[in-house]
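# Report on the structure
One-letter residues, chain by chain:
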Amino acid sequence: MNKDDNKDSTKPMSLLSLILSFMALFVISSLLFLPVDHETRQVLIGLDFLICSVFIIQLTIDMIRATDRVQFLKKHWIDYVASIPLIEPLRYARIFQILRVILLLRSSQNIAALLTRNRTETTLASIILLMVVLMAVGSSVMLFLEGPNPESNIDNAGDAMWWALVTISTVGYGDHYPVTDSGKLLAAGLIVSGVGLFGMISGLITSLITSPTKQQESRSENKERLLIEITQHQTKIIQRLEAIEDRLEQLEKKT
């Protein structure tokens, strides 16, 4: 398969793009059509910026890997337009990406086998998706729980997003923290999730370091093929020698 087609092949990152595209459309629809308050709007804008950043990074990596970058840009320029943050109506261009991925999924016969075969990419896609979901849910719910409390130090969207990021990363600066029981319970769940998330990251890094490269796998396959050919050749030589011995024995008996 041509590297130019890596964006248009059914892969775990394509599934991630599909899920995030739906999330982006939901966020933008809420910003444009729902009567949300200022703080909720700020959380949604932060989430939209995070999703757009993932899209831009993914597109940039695909463009770098493509052999014909001009052709890639001609084909995916609308994806770049749909990934520009802070211009909310442009995000509806994500519909084209959703339709493209759905068509790819329809052409794929076994999604489970696909995810199992591309374990590294599946792990990476899962990490990115979990991080986005944890940031979105954690900051939104924490702001809802802590915002009305006069003793709370998490009283705006920026504080909530920062708290969620610090908690997921298990850094724990302590500049923002929950004061309500429900907020502390949410924080505990987010901490446990963050530990699991970074455990996945550690496992991914270990897998990348220890797993053989394609070049090493190719060399190993070539060695195995060469050993098989040598063994077959030795077998033929032994068979010929045995045939020569039989003929010599027959000649000796005649003489």
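Values in this document were obtained by computation on a predicted structure and should not be read as measured data. (Residues numbered from 1 in each chain as written. Predicted model: local features only at pLDDT ≥ 70, side-chain atom pairs only at ≥ 80, totals over all residues. Heavy atoms only, no water.)

### Topic: the confidence of the model for the chain
Test applied: For every residue, the predictor states its confidence as a pLDDT score lying anywhere from 0 to 100. Any pair of residues with heavy atoms lying within 4.5 Å of one another is described as a contacting pair.
Per-residue pLDDT for the chain averages 76, and the proportion of residues at 70 or more is 78%. Segment residues 1-8: pLDDT under 50, and 23 contacts once partners within four positions in sequence are set aside and those in other chains are kept.

### Structural notes on helix α3 (residues 69-82)
The line we're drawing: The numbering of helices and of strands both runs from the N terminus, where a helix is a DSSP run of H or I of at least 4 residues and a strand a run of E of at least 2. Multiplying 1.5 Å by the helix residue count minus one yields the expected span of that helix. Two axes enter the bend calculation: one fitted to the seven residues ending at the residue in question, the other to the seven starting there, and the bend is the angle between them.
Over its 14 residues, α3 extends 19 Å from the first C-alpha to the last, a length consistent with the 20 Å expected when each residue adds 1.5 Å. Taking the largest bend as the criterion, α3 deviates by roughly 60°, centred on H76.

### Concerning the nonpolar core
Going by this rule: We call a set of buried residues a nonpolar core when its members are Ala, Val, Leu, Ile, Met, Phe, Trp, Tyr or Cys and they connect through side-chain atoms within 4.5 Å of each other. Remark: exposure states derive from per-residue accessible area (1.4 Å probe, protein chains only) relative to the maximum for the residue type, with buried under 20%, exposed over 50%, and partly exposed in between.
Counting 18 residues, the largest nonpolar core has M135, M142, I154, W163, A164, I168 and L190 as the members making the most contacts within it. For this core, the secondary-structure elements that each account for two or more residues are α6 (119-146), α7 (157-168) and α8 (181-210). The dominant element in this core, judged by the number of residues it contributes, is α7, at 6 residues. Among residues more than four places away in sequence, those in contact with I168 are M131, L134, M135, L190, G194, L197 and F198. Among the nonpolar cores identified, the runner-up in size contains 16 residues, and M13, L16, L20 and A136 belong to it.

### Description of the side chain of H176
Note the cut-off: Here a polar contact means two N or O atoms within 3.5 Å. Within protein one must be a hydrogen donor candidate and the other an acceptor candidate, and residues neighboring in sequence count only if both atoms are side-chain atoms.
One can find H176 in the loop between α7 and α8. Among the residues examined, H176 registers a relative accessible area of 19% and is labelled buried. In this structure the side chain of H176 is engaged in a polar contact, spanning 2.8 Å, whose partner is the backbone oxygen of N153. A distance of 3.3 Å separates a polar atom in the side chain of H176 from a polar atom in the side chain of D159. Residues within four places of H176 in sequence aside, it is in contact with N153, I154, D159, W162 and W163.

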